[in-house]
Amino acid sequence: MVRSVLCADVTSQVRLTDLRFLELHAHLTGSISRQTLHEIWLDKKAAGETDLEDPLAVIPEGKHDYDLVSFFPLFSKYIYALLTDEASIRHATTSVLQSFLQDGVVYLELRTTPRPTPSLSAEQYVAVLGSAISDFEASNPGLHTRLILSIDRRHDFETASSVLALATNPPASASSLVVGLDLCGDPAARPAGSISLFTPLFQKARAAGLGITLHFAEAETSASREELETLLSWRPHRLGHVIWEDAETKREIARRKDELCLELCLSCNVHAGMVKGGFEGHHFGEWRGVEGVKVSIGTDDVGIFGSPLSNEYRLVAQHFHLDRRQICALAWESIDHIFGGEEEKERLRRIMWT
């Protein structure tokens, strides 16, 4: 599908159906639709490979109000138990890519935590992802996808080290796709300065040329001054969520505005009760008022929270009164902060607007 944007076209009602988008904050397993999970479940049920309940019953259509307490068990106790072999992982990945493509996304950084399954090692898991992405791009060259591998806050040092090893030396099928290292997971794990356990790993990742993106201040427990100082010492390129910020935090991040881009996810934060005051109260409005701070809009987990990237931009336009020109400028901000390299940035500058 060919999409175009006339940035000079400022209308009273912002039309977003013809925009092209960059998605920099999307988790693979959280982006899988309920229908796709249902299809995987049907195959496994028919083969006698699962006794799990139907995903459409566990994660019913229309339910998006998962808070941080109910959110993480969906993955550890359920979704990961469905994605156990090459067929299920390939099916899920292809479906996720197709959904982003249909939504007008032309560049996607998909993040995932490498994990072994009963039939695959963590390395084989990444290899399957690389193969699925390459196969999809061969048939759909309009969407370029890159991988960010995630260290979970709950990891021990050995497990986290194995993620770094995969990021710096990925399997052949993913060798040109892995572009970054992420810190994610339950924000209640390793509070305050204890996250410094991972300092040498992120230092090595940056030295190896990987992009660094870190979840910060998703919850009050992970919003301490000690944690911010630790994370900033890793010299990240991007910070995700950044919800529980105080005046001092804002000043410190604003001081690094030439180095950092903030990944903000409206629907996830609102539906999960992570922010107060609904969409109008989302901290996007506060960060937008800080001169020079760059923002990238993301979906986080569209399969759970039900809002594709085009809708996230609609929400921004609606609740923060942005016209078409401002939406174009906001989408453009993301280009300089992708991890895909200069050649990819030039491609995006050529195709984003006509």
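Just so you know, these numbers come straight off a predicted model, no measurement behind them.

Draft legend 1. Layout of the overall build of the chain. Scanning the chain from N- to C-terminus turns up 15 helices and eight strands. Taken against the 2.2 N^0.38 rule, which gives 20 Å for 354 residues, the C-alpha radius of gyration of the chain at 19 Å falls within 12% of a compact globule. If one aligns the C-alpha atoms of the chain with their principal axes, the spans along those axes are about 55 × 45 × 40 Å. For the chain, the proportion of its 354 residues judged to be buried stands at 57%.

Draft legend 2. Structural detail: the packing of aromatic side chains. Across all of its chains, the model carries seven aromatic pairs by this definition. Considering the side-chain rings of Phe71 and Phe305, the 5.7 Å spacing of their centres and the 15 degrees angle between planes classify their relative orientation as stacked. Taken together, the positions of Phe71 in helix 3 (residues 68-82) and Phe305 in helix 12 (residues 302-305) put the pair 234 residues apart, joining distant regions of the chain. Grouped by ring-pair contacts, the aromatic residues Phe71, Phe72, Phe75, Tyr80 and Phe305 constitute a single cluster.

Draft legend 3. Highlighting the layout of surface pockets. The computed volume of the largest pocket comes to approximately 420 Å³. Taken together, 31 residues form the lining of the largest pocket, with His27, Phe71, Phe72, Tyr80 and Cys184 sitting closest to its centre. Secondary-structure elements contributing two or more residues to the lining of the largest pocket are helix 3, strand 2 (105-112) and strand 3 (144-152). Sort the elements by how many residues they give to the lining of the largest pocket and helix 3 lands first, with six residues. Classifying every residue of the lining of the largest pocket by side-chain character gives 13 nonpolar, 10 polar and eight charged. The calculated volume of the second largest pocket comes to roughly 280 Å³. In terms of lining, the second largest pocket is formed by 19 residues, of which the most central are Ser31, Ser33, Ser99, Val302 and Gly303. The set of elements that each furnish at least two residues to the lining of the second largest pocket consists of helix 1 (34-46), helix 4 (86-102) and helix 12. With five residues, the single largest contributor to the lining of the second largest pocket is helix 4. Partitioned by chemical class, the residues of the lining of the second largest pocket number six nonpolar, 10 polar and three charged.

Draft legend 4. Spotlight on empty space enclosed by the protein. Using the criterion set out here, one finds one cavity of 30 Å³ or more in the structure. Considered as a void within the structure, the largest cavity measures approximately 30 Å³ in volume. Taken together, Arg153, Gly185, Pro187, His215, Phe216, Ala217, Glu218 and Ser222 form the lining of the largest cavity. In the lining of the largest cavity, the residues fall into three nonpolar, three polar and two charged.

Draft legend 5. Structural context of the environment of Thr50. Of note, Thr50 is situated in the loop between helix 1 and helix 2 (55-58). For Thr50, a relative accessible area of 13% gives the class buried. Spatially, the C-alpha atom of Thr50 lies 38 Å from that of Phe339, the residues being 289 residues apart in sequence. Apart from residues no more than four positions distant in its own chain, Thr50 is found in contact with Trp41, Lys44 and Lys45. A polar atom in the side chain of Thr50 sits 3.0 Å from the backbone nitrogen of Leu52.

What counts as what
- Residues numbered from 1 in each chain as written.
- Predicted model: local features only at pLDDT ≥ 70, side-chain atom pairs only at ≥ 80, totals over all residues.
- Heavy atoms only, no water.
- Helix = DSSP H or I, 4+ residues; strand = E, 2+ residues; numbered from the N terminus.
- Rg over C-alpha atoms; globule rule 2.2 N^0.38 Å.
- Buried < 20%, exposed > 50% of the residue type's maximum accessible area, 1.4 Å probe, protein only.
- Phe/Tyr/Trp six-rings, centres within 6.5 Å; stacked < 30°, edge-to-face > 60°.
- 1 Å grid on protein atoms, 1.4 Å probe; cavity = no way out; pocket = protein on both sides within 12 Å on 5 of 7 lines; lining within 4 Å.
- Points joined across faces, edges and corners; volume = space filled by probe spheres on them.
- Nonpolar A, V, L, I, M, F, W, Y, C, P; charged D, E, K, R; others polar.
- Contact = heavy atoms within 4.5 Å.
- Polar contact = N/O pair within 3.5 Å; in protein donor to acceptor, adjacent residues only side chain to side chain.

Functional significance is not addressed by these values, which are geometric in nature.
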